[in-house]
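# Working through the structure, step by step
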Amino acid sequence: MSSEPIERRVSYIGDRLKGSQCPICGKEYFRGKNYCGKCGRKSFGKMKDIDFFYDQGNLEVSTLVSQPTNRFVKMGSYIYGIVAFHNGKTRVPGRLTDILIEDCKIDLSCFDGKNVVPRFRRRYSVGESDIIPTISLAFTLADGYYPHQKYEIKKPMREYETPGIVGYGVYTSKFRIKEGNMERSVPFIDEDAVTAAVEAGRMALIHSGVDRSLIGKVYVGSESNPYAVNPIASKVAQVLKLGKEEKMDGVQSVDAIDTEFACKAATSMFKDASSLVYYPKTNTAYAMAIGADNAQAAPRNELGGELDHFVGFGGSAFIFGMQDVIAEIEGWYSCTSDTPDFWRRDLQPYPRHGGRFTGEPAYFKHVLKACRTLMEQLNLQVEDVDYFVPHQPNIGFPVKVARQLGFKEEQYELGLKVAKFGNVYSGSSPIGLAAVLDVAKPDERVVLVSYGSGAGSDAYSFITTSQIVEKRQRQKFTVRHQIENENLEYVNYTTYRRLKHGL
Amino acid sequence: MKLQNPAIIGVGRTKFGEHYERDPESLIEEAGLQALDSTGITRKDLDACYLSDYFLQVTNKIGLEEGFFSELLELHVPMEKTRSFSSAFLNACHGVQSGKYDIVLVGGMEKMTDRWDKIRDDLMLLEDPWSYYAGCTPEANHELLLKGYIKKYGISGEQLDKLYLALAKISVKNHQNATKNPLAQYNRAITVDNVLKARNKSCKPLGLFDFAPISDGASALILASPEAAKRCSDTPVYVLGSSSATDYITFPSREDRTGFIANTSAMHAALQQAKVDISDIQIAEFYDQSTLLEMISLEDLGFSKRGKAWLDIYKSCEESCGFYEIEGRKLFVNLNGGLKADGNPLGATGGAQIFEVFKQLRGEADSRQVEVNGEPPKLGCVSELEGFGTKAYIHILGRNQG
């Protein structure tokens, strides 16, 4: 049984690695402290709040844990050690994550002295009805898959007349399963839709350089929230410190909401986020829309198990605003019909689908309608579009729909990433959009068409601005980085199921 | 004001190990009766009782130990419960020294195997919660300390092999000592090869034979004022110095992570109190939760120079493993087998350590008895820790009143 007050206190400090610093002597502490042990009464009430979440640590000493305590058993063997921040001003205990250790065969000497990055993860296993514990005392090597990146707030340079994307981020894990011509992203055992949403949001903040306290609303679209009731968005807001925070009560001035509409839960909110930042009376400078999923699928030998060939893991986050826009929104169109081609009933772990009927009457009908209507409204010809990014549940559907719309391979291949990450459900078409934005030149038009079972599609047209090029330098963790990184680790089917099932 | 040194007049303990069929009450009853019987006094002579256990609340759902003990003895005297035996003992010393009590019983018990499946999790209650949240285990900090030590002193290559061998020999020595201790949990000998193989099996620097086991057991003693001691016993053992010190619960936050400051402070204070020099100490019981802690204790308590304990052990064990020879002086350590082989039923462990020194000083240790200059040792010391060096207790015991 979990203690709700303890979970609140531990996650409030541990998710963000909150600490305090003495303004007189500079001594630092992990966790809040009202006075400095060295300066005593002089420092009372003057201690400064600091976070270690965006900092790089150093793993000073480490050891292999092969017989963990009970709640850690599902993690298998792992490396545990002491991480020093700021040249040893503070030391914290830490677990290295994202390492699969088989039969404790691992060279321990290669970890000591390495720089590490704090990662937001699940803390350990708990009962199915308990609050899910999280913590950022999990670390990965800074020279590995996930680089250390500073979050630096940049002063906005330019105001735009139309709202658009100000920054974005994509997060997929370092594990992959490769079958045939498809690679799919596999979460590590301590990852889920919540951790992916936080990571994607963190990447978007790093890329945009916007002041996180100016983000007025965060939307998280997902169909794999580990909770039936309890938002992912509140966790994202807390960990990423979105909105102004009152130190007194630990409450942030931000609106946070989860949305659900199968794979279009996030794209649907792009227009809401844009409208919000455009509406003059709201004083909302920025809004963030995240799509994150640990895409669920029944095992292959069970009903609905066909999905198990396609599902991926990851998230994407887009920050919308009116300043320093990298892609303006030219227009949008959405359509909906009551077509239940894919569904998951309450209390069921895996979704079911309508087999052949997920195609023509569902995916194709809605994607074609949304795309054609938008292009008509904007008076666009196929040649006017530089990049076309459709929802990508498999390799076949998006290619077929692109061709039916008259798009050529060079228009759609760049945004087609399902063969690298699998179907990331709510993150699927947004990751395609991110892949395009990673390389697009200024003044190019991108058409995005999502699809959510149930069913509906959102179509958007974006026009890139000149600022897309300069902002690109800020992000090392690009879509390409996540596809081509040498540290990717490939797992077999059994391991994939175990990791995906999680703690 | 000069406080009078209290004296131990009788000791008792159960065998340590797995007591599947027995309740904690029956264990403490056995140890307590033994201690009383050895003095000739009865329970009605007791002015107070000091009890210790760490986990009875967790393992046996016993939350008010004093009541159980009152019922057991059918006594209504003051009783207090603390965590470690040494803590109970130190408090008992204060009670006697203050003149409030003449004769008190100190007893400790633990029933760790009653919750075999979660006792390692429970042991994490002795660490800070953040280390637990980050995946720490009862063994992990020992390995981090060892790695920090090796790094600090730049030990590598052949020297490092010797250090690891020295640690293995500590375990072999303690098991050898336990073969003569019928109450020990493991009274059988092991070889260096056993230790090394266990390390290889777990792919870790410290293996199964480097760590103390999980145990059940109880221990007890009778403490008396010097006057009462003289009435009840011809050969009391005096508590010449008894001291404790503390350190941060969070190991990563400590300034020094290659030893225990608390142990050093407690030893310093106890030596001052006892007005003896460290070189006068002939036997010692260390808190060897791991072989590493026996080695580190040699340094923390001041027997070996910093960074050199492994070498002292290595050299001492080249011929025999009976004692350490440091700068020409003999030191017998963990004659009962230490926590490693005697067992470590947390709340009772300190009692077994004092039990051993008491028996050795009185020349009553049977086949374990050691002699210095042809007679039983005169001065011994006990070092007990709570947690991973978070609290340290030192007791200096002697045959002379001081």
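Residues numbered from 1 in each chain as written. Chains lettered and ligands numbered in written order. Predicted model: local features only at pLDDT ≥ 70, side-chain atom pairs only at ≥ 80, totals over all residues. Heavy atoms only, no water.

## So, the overall build of chain A
- When helices and strands are tallied, chain A shows 12 helices and 24 strands.
- For a compact globule of 503 residues, the expected C-alpha radius of gyration is about 23 Å, and chain A comes in at 22 Å, within 12% of that figure.
- Expressed as lengths along the three principal axes of its C-alpha atoms, the size of chain A is roughly 70 × 55 × 40 Å.
- Within the span of chain A, comprising 503 residues, buried residues form 62% of the whole.
- In chain A, the share of contacts with a sequence separation of at least 24, taken over all contacts with a separation of at least 6, comes to 75%.
- For chain A, the accessible area works out to roughly 20200 Å², and carbon and sulfur atoms hold 50% of it. (Helix = DSSP H or I, 4+ residues; strand = E, 2+ residues; numbered from the N terminus. Rg over C-alpha atoms; globule rule 2.2 N^0.38 Å. Buried < 20%, exposed > 50% of the residue type's maximum accessible area, 1.4 Å probe, protein only. Contact = heavy atoms within 4.5 Å. Areas by Shrake-Rupley, 256 points an atom, 1.4 Å probe, with all protein chains shown as cover.)

## Section: the overall build of chain B
- Secondary structure summary: chain B contains 15 helices and 11 strands in total.
- Computed over its C-alpha atoms, the radius of gyration of chain B comes to 20 Å, within 12% of the 21 Å expected for a compact globule of 402 residues.
- Taking the principal axes of its C-alpha atoms as reference, chain B extends roughly 60 × 50 × 40 Å.
- The buried share of chain B, reckoned over its 402 residues, is 64%.
- Long-range pairs, those at least 24 residues apart, make up 76% of the contacts in chain B with a sequence separation of at least 6.

## Things to note about the nonpolar core
- Grouped together as the largest cluster of nonpolar side chains are 142 residues, with contacts concentrated most on Leu46(B), Met295(B), Phe303(B) and Ile396(B).
- The residues contacting Ile396(B), other than those within four sequence positions of it, are Tyr238(B), Val239(B), Leu240(B), Gly241(B), Ala270(B), Leu271(B), Ala274(B), Val276(B), Ile281(B), Leu379(B), Gly380(B) and Cys381(B).
- The next biggest cluster of nonpolar side chains, apart from the first, holds 43 residues, and it includes Val117(A), Tyr146(A), Leu242(A) and Ile319(A). (Core = buried A, V, L, I, M, F, W, Y, C linked by side-chain atoms within 4.5 Å.)

## Some thoughts on unusual backbone geometry
- Each neighbour pair has its own omega, and for Gly454(A) with Ala455(A) the value is 0°, a cis peptide bond.
- Positionally, Ala455(A) belongs in the loop between strand E22 (445-449) and strand E23 (456-464).
- With a phi angle near 55°, Leu17(A) is a residue other than glycine that sits in the positive phi range.
- By secondary structure assignment, the location of Leu17(A) is in the loop between helix H1 (4-14) and strand E1 (18-21).
- With relative accessibility at 1%, the residue Leu17(A) sits in the buried group.
- For Lys275(B), which is not a glycine, the phi torsion comes out positive at approximately 55°.
- Position of Lys275(B) relative to the elements: it lies in the loop between helix H11 (261-274) and strand E7 (283-285).
- The exposed category is assigned to Lys275(B), whose relative accessible area is 68%.

## Re the interface of chain B and chain A
- Taken together, the contact between chain B and chain A spans 30 residues of the former and 36 residues of the latter.
- Considering only the surface of chain B that becomes buried against chain A, Trp130(B), Tyr133(B) and Leu144(B) emerge as the three largest contributors, covering 28% of it.
- Run the count over chain B and chain A and you get two salt bridges.
- Glu60(A) is the salt-bridge partner of Arg257(B), the closest N and O atoms lying 3.8 Å from each other.
- Where chain B packs against chain A, one counts 10 residue pairs in polar contact (both at pLDDT 80 or more).
- A per-element tally of the side of chain B that touches chain A places helix H7 (residues 140-152) of chain B first, with seven residues.
- Looking at side-chain class alone, the side of chain B that touches chain A contains 12 nonpolar, eight polar and 10 charged residues. (Buried area = accessible area lost by both parts, 1.4 Å probe. Salt bridge = Lys/Arg side-chain N within 4 Å of Asp/Glu carboxyl O. Polar contact = N/O pair within 3.5 Å; in protein donor to acceptor, adjacent residues only side chain to side chain. Nonpolar A, V, L, I, M, F, W, Y, C, P; charged D, E, K, R; others polar.)

## A few points about the packing of aromatic side chains
- Summed over all chains, the structure comprises 38 aromatic pairs over all chains.
- Between Phe72(A) and Tyr132(B), the aromatic rings sit 6.1 Å apart at their centres with planes inclined by 80°, giving edge-to-face as the arrangement. Linking Phe72(A) in the loop between strand E4 (57-65) and strand E5 (78-85) with Tyr132(B) in helix H6 (residues 129-133), this pair reaches from one chain into another. Tyr132(B) shares its class with Phe72(A); the two are buried.
- Put simply, the rings of Phe30(A), Phe72(A), Tyr78(A), Tyr124(A), Trp130(B), Tyr132(B) and Tyr133(B) touch in pairs and so form one group of aromatic residues.
- In this structure, Arg123(A) packs its charged tip against the face of Tyr124(A), placed 5.3 Å from the ring centre. (Phe/Tyr/Trp six-rings, centres within 6.5 Å; stacked < 30°, edge-to-face > 60°. Lys NZ or Arg CZ within 6 Å of the ring centre and 35° of its normal.)

## Examining the pattern of salt bridges
Residue and element names in this part refer to chain A.
- By the definition in use, this model includes 50 salt bridges over all chains.
- The shortest N-O distance in the salt bridge between Glu-179 and Arg-300 comes to 2.8 Å. Of the two residues, Glu-179 sits in strand E10 (residues 175-179) while Arg-300 sits in the loop between strand E16 (286-294) and strand E17 (313-323), which places them 121 residues apart along the sequence.
- Members of the salt-bridge network, linked through shared partners, are Arg-95, Asp-98, Arg-119, Arg-121, Asp-190, Glu-191, Glu-199 and Arg-202.

## Focus on the side chain of Asp312(B)
Residues and elements named next belong to chain B.
- Mapped onto the secondary structure, Asp-312 falls in helix H13 (residues 309-316).
- Nearest to the buried, unbridged Asp-312 among oppositely charged side chains is Lys-315, at 5.8 Å.
- Here Asp-312 is in contact with Ser-304, Lys-305, Glu-325 and Ile-326, once residues within four sequence places are set aside. (Lys, Arg positive; Asp, Glu negative; His and termini not counted.)

## Comments concerning helix H5 (residues 359-377) of chain A
All names here are of chain A.
- The first and last C-alpha atoms of H5 sit 26 Å apart over 19 residues, in line with the 27 Å expected at 1.5 Å per residue.
- Its maximal kink placed at Lys-365, H5 deviates by approximately 30°.
- Along H5, the residues that are buried comprise Gly-359, Ala-362, Tyr-363, Phe-364, His-366, Val-367, Leu-368, Ala-370, Cys-371, Thr-373, Leu-374 and Met-375.
- Against strand E18 (327-336), strand E21 (387-390), helix H6 (396-404), E22 and E23 lie the buried residues of H5. (Expected span 1.5 Å × (residues − 1). Bend = angle between axes of the 7 residues up to and from the residue.)

## Some words on the environment of Glu384(B)
All names here are of chain B.
- Of note, Glu-384 is situated in strand E10 (residues 379-386).
- Owing to a relative accessible area of 0%, Glu-384 belongs among the buried residues under this scheme.
- Residues Glu-384 and Cys-49, spaced 335 residues apart in sequence, show a C-alpha to C-alpha distance of 20 Å.
- Once you skip the residues sitting within four places of it in the chain, Glu-384 turns out to touch Ser-84, Phe-85, Ser-86, Tyr-287, Leu-346, Gly-350, Gln-353, Lys-391, Ala-392 and Tyr-393.
- Within polar-contact distance, the side chain of Glu-384 engages the side chain of Ser-86 at 2.5 Å.

## Comments concerning the sheet that holds E18(A)
Residue and element names in this part refer to chain A.
- In spatial order, the strands read E15-E12-E16-E17-E9-E18-E23-E22-E21; together these nine strands make up an open sheet with mixed pairing. Each having just a single partner strand, strand E15 (255-259) and E21 make up the two edges of the open sheet. Averaged over all neighbouring strand pairs, the angle between strand axes comes to 20°, with direction disregarded.
- Here strand E12 (residues 215-221) pairs with E15 via five bridges, running parallel. Residue pairing across strands places Val-220 opposite Asp-258, the latter belonging to E15.
- Sheet strands in contact with helix H2 (residues 193-208) are strand E9 (159-171), E12, E16 and E17, and its direction is about 130° off that of E9.
- Docked against the sheet, helix H9 (residues 428-437) engages E9, E17, E18, E21, E22 and E23, running at close to 60° with respect to E17. (Pairing = 2+ DSSP bridges. Axes fitted to C-alpha atoms, helices over the stretch in contact; angles between N-to-C directions.)

## Comments concerning the side chain of Thr90(A)
All names here are of chain A.
- On the secondary structure map, Thr-90 appears in strand E6 (residues 90-96).
- Looking at Thr-90, the relative accessible area reads 4%, which means it is buried.
- Engagement of the side chain of Thr-90 in a polar contact is seen with the backbone oxygen of Glu-28, the distance being 3.3 Å.
- Leave out the neighbours within four places in its chain, and Thr-90 touches Glu-28, Tyr-29, Phe-30, Phe-52, Val-83, Ala-84 and Phe-85.

## Re the state of the cysteines
- Per the counting criterion, the structure on display carries zero disulfides over all chains.
- Left unpaired, Cys335(A) is separated from the closest cysteine sulfur, that of Cys371(A), by 11 Å.
- Under the relative-accessibility criterion, Cys335(A) is labelled buried at 9%.
- Cysteine Cys381(B) is unpaired, with the sulfur of Cys93(B) as its nearest cysteine sulfur at 14 Å. (Disulfide = S-S within 2.5 Å.)

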